[in-house]
Amino acid sequence: MLMAENRTIPHARQELRWLIQKFGSNNSATLFRACLERNRHVPLQYILGSQPFGMLDIKCKEGVLIPRWETEEWCLNLTDSIKRSKLINSGASNWKIMDLCTGSGCIPLTMINETKNLFSNQTRLYVDALDYSPIAIDLSKLNFKTNFDNKVALSQNFNVSFNIQKCNILNEPEIIQYLGKYKEKRKINILTCNPPYIPHHEFIKDVRSSVRMYEPKLALIGNLEFYKNLNDLWVGKNLIDSFVYEIGTLEQALYVQNNLPSSWISGITLDSNNKARCIFGYNKEANIDYSKIFNHFKQTAKVYASIANSDVTK
Amino acid sequence: MIRTIHRSISATAIRAVKRNHLPPRSKFTEQMETECTEVFIHGGSGAGGQKINKTNSKVQLKHIPSGIVVTSQITRSRDQNRKDARERMAYELQKLDIDNGSGEAPRDVALRQLKQQNKKAKSKKSSKKYQLHKEVNDQLKHEQDLQDQEILRKLLNG
């Protein structure tokens, strides 16, 4: 039955083992039902209810995108680069990281988990997560609770604040209004985002049936909307110092690169499957030397080298 | 009786390995980390990112000087698999280092001994139980025989 979603017998065996771990082998009725669901292409993470992401256990529910290994990879590379840059220990200012299209909350929660020890009495980390979907908001709150207990505990043990907000990211006035509420720390140090990036015409053609049938289209289908929003709003209105966006196609990355102001340095990184996966950029005129983070980030992820040249010729 | 005493002495002499005093597991050192290359196998050149939802994550670790390759996909977590692969690599490298002819790590030797020990203890326990059972049975049988003889004698005499 599991062969519908698995190409090889060892893979199917392995999935069966995980299903047995969750449901027990003697409770055959529930196990059978789980296998039947899997046969109908329900994602394994929705059946088991979770997906490991870095050190965290991220709960998964229908209606919210399941975290991908590509995201996990660049997210851990980024936190590793932040740790190695030693920028947080040296500067006395607070830090703010914002994640758009947060979904399950896997990115901001990993950011907190990996960097929380860097913040001491003098410096505070503010992490904000925004999403348009109310189900995603609820799930990211649940994931925060399962991994960190509550805001008070986090704030007492580490100098970290976390906030989740329902927001239409493409609606500029709404974002401006939301940011206006912050008195203590307005400029965002790092903006991260895993926007919906599958173009409409590729959705039927390329997307796996399990993803197509059960994961939310809101988190999957999109093309340049969020990248345009990045250029026009976040970079254009000087709200951020640096960003990391996940990408699906090279055109999306080139669109961002071609529309960045000259004071911004950017690059495209590959995942370990050699696919263009991220575009990052930082303002070299910012108060903090972000090259210390992103030079290492470039090294950990392989870089798409030809881009810089092709960019000049355009 | 002499046999039992002998056995108990020999048993105490062998029982050198204790479950909580095993030689430590081999450790994956910083140096090993620099000598290894790590590859994440996600299979194929097809679609990636949001288009596909992989459930497994395979980690492959290669130790360049010795050419040893280990892989791990035991859990769904890449983080756990990376740790598992490093443990396995450390174990393989330790086996390579040891020149005791058998190619076995001290922990393995101890574990094997422990297993044998437990097996011996178990068989000893069961044979003891069997002995006791047999004695009781013999006793009962003996009594039964005596009773039977008594009855027989009474019948013959009567």
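Residues numbered from 1 in each chain as written. Chains lettered and ligands numbered in written order. Predicted model: local features only at pLDDT ≥ 70, side-chain atom pairs only at ≥ 80, totals over all residues. Heavy atoms only, no water.

Visitor: Provide a residue-level description of the interface of chain A and chain B, including the pertinent values.
Guide: For interface size, the figure often reported is the accessible area lost on association. Between chain A and chain B, the contact holds 39 residues from the first and 23 residues from the second. Note on chain A versus chain B: buried area summed over both sides is about 2500 Å², and carbon and sulfur give 46% of it. For the pair chain A and chain B, the interface holds three salt bridges. For lysine 51 of chain B, the salt bridge is made with glutamate 202 of chain A, and the minimal N-O distance between the two is 2.6 Å. At the surface where chain A touches chain B, the tally comes to 18 residue pairs in polar contact (both at pLDDT 80 or more). In terms of residue class, the side of chain A that touches chain B is built from 17 nonpolar, nine polar and 13 charged. (Contact = heavy atoms within 4.5 Å. Buried area = accessible area lost by both parts, 1.4 Å probe. Salt bridge = Lys/Arg side-chain N within 4 Å of Asp/Glu carboxyl O. Polar contact = N/O pair within 3.5 Å; in protein donor to acceptor, adjacent residues only side chain to side chain. Nonpolar A, V, L, I, M, F, W, Y, C, P; charged D, E, K, R; others polar.)

Visitor: An account of the sheet that holds strand E2 (residues 58–63) of chain B is requested, with residue identities and associated values reported.
Guide: All names here are of chain B. Overall, antiparallel pairing links the three strands, which are arranged E1-E2-E3 in an open sheet. A single partner strand is all that each edge strand has here, and the edge strands are strand E1 (36–41) and strand E3 (68–72). Across the sheet, the mean angle separating the axes of adjacent strands is 20° when strand polarity is ignored. Seen against the sheet, helix H3 (residues 78–97) touches E1, E2 and E3 and runs at an angle of roughly 150° to E3. (Pairing = 2+ DSSP bridges. Helix = DSSP H or I, 4+ residues; strand = E, 2+ residues; numbered from the N terminus. Axes fitted to C-alpha atoms, helices over the stretch in contact; angles between N-to-C directions.)

Visitor: Could you give an account of the packing of aromatic side chains, naming the residues involved and the relevant values?
Guide: Within a pair of aromatic rings, the relevant descriptors are the distance that separates the centres and the angle that separates the planes. With the rule as written, the count across this model stands at ten aromatic pairs over all chains. With centroids separated by 5.5 Å and ring planes inclined at 10°, the aromatic side chains of tyrosine 282 of chain A and phenylalanine 294 of chain A adopt a geometry described as stacked. Here tyrosine 282 of chain A is found in strand E9 (residues 276–283), whereas its partner phenylalanine 294 of chain A is found in helix H14 (residues 291–300), with twelve residues between them in sequence. With a relative accessible area of 0%, phenylalanine 294 of chain A lands in the buried category. Taken together, Tyr227, Phe243, Tyr245 and Trp264 of chain A form an aromatic cluster joined through their ring pairs. Sitting over the ring of tyrosine 126 of chain A, arginine 124 of chain A keeps its end group 6.0 Å from the ring centre. The aromatic ring of phenylalanine 40 of chain B is capped on one face by arginine 78 of chain B, whose charged end is 3.7 Å from the ring centroid. (Phe/Tyr/Trp six-rings, centres within 6.5 Å; stacked < 30°, edge-to-face > 60°. Buried < 20%, exposed > 50% of the residue type's maximum accessible area, 1.4 Å probe, protein only. Lys NZ or Arg CZ within 6 Å of the ring centre and 35° of its normal.)

Visitor: Got a sec to walk through the side chain of aspartate 271 of chain A? Specific residues and values, please.
Guide: All names here are of chain A. Along the chain, aspartate 271 turns up in the loop between strand E8 (264–270) and E9. Of the residues examined, aspartate 271 reaches a relative accessible area of 1% and is grouped as buried. At 2.7 Å, the side chain of aspartate 271 forms a polar contact with the backbone nitrogen of asparagine 273. Apart from the residues lying within four places of it in its own chain, the contact partners of aspartate 271 are Trp69, Glu70, Glu73, Arg277 and Lys302.

Visitor: I'd like a rundown of the confidence of the model for chain A, residues and numbers included.
Guide: Summary statistics for chain A give a mean pLDDT of 89 and a share of 95% for residues scoring 70 or more. Scored below 50 in pLDDT, residues 307–314 of chain A shows eight contacts in the model against residues more than four places distant or in partner chains. (pLDDT = per-residue confidence, 0-100.)

Visitor: Pulling in residues and values, what's your account of the confidence of the model for chain B?
Guide: Mean pLDDT over chain B stands at 81; residues scoring 70 or higher make up 84%. Put simply, helix H1 (residues 2–14) of chain B is where chain B has its lowest mean pLDDT, 51, and E3 of chain B is where it has its highest, 91.

Visitor: Give me the lowdown on the environment of asparagine 157 of chain A, citing residues and values where you can.
Guide: All names here are of chain A. With respect to the helices and strands, asparagine 157 occurs in helix H8 (residues 151–157). The exposure class of asparagine 157 is exposed, given its relative accessible area of 58%. C-alpha separation for the pair asparagine 157 and leucine 19, spaced 138 residues apart in sequence, amounts to 36 Å.

Visitor: Give a description of the environment of valine 235 of chain A that names residues and reports values.
Guide: Residue and element names in this part refer to chain A. Its location among the elements puts valine 235 in helix H12 (residues 225–235). According to the relative accessible area criterion, valine 235 is buried, its value standing at 5%. A sequence separation of 64 residues divides valine 235 from glutamine 299, and the C-alpha atoms of the two residues are 24 Å apart. Ignoring sequence-local partners within four residues, the contact set of valine 235 consists of Leu230, Ile240, Phe243, Leu260, Pro261 and Trp264.

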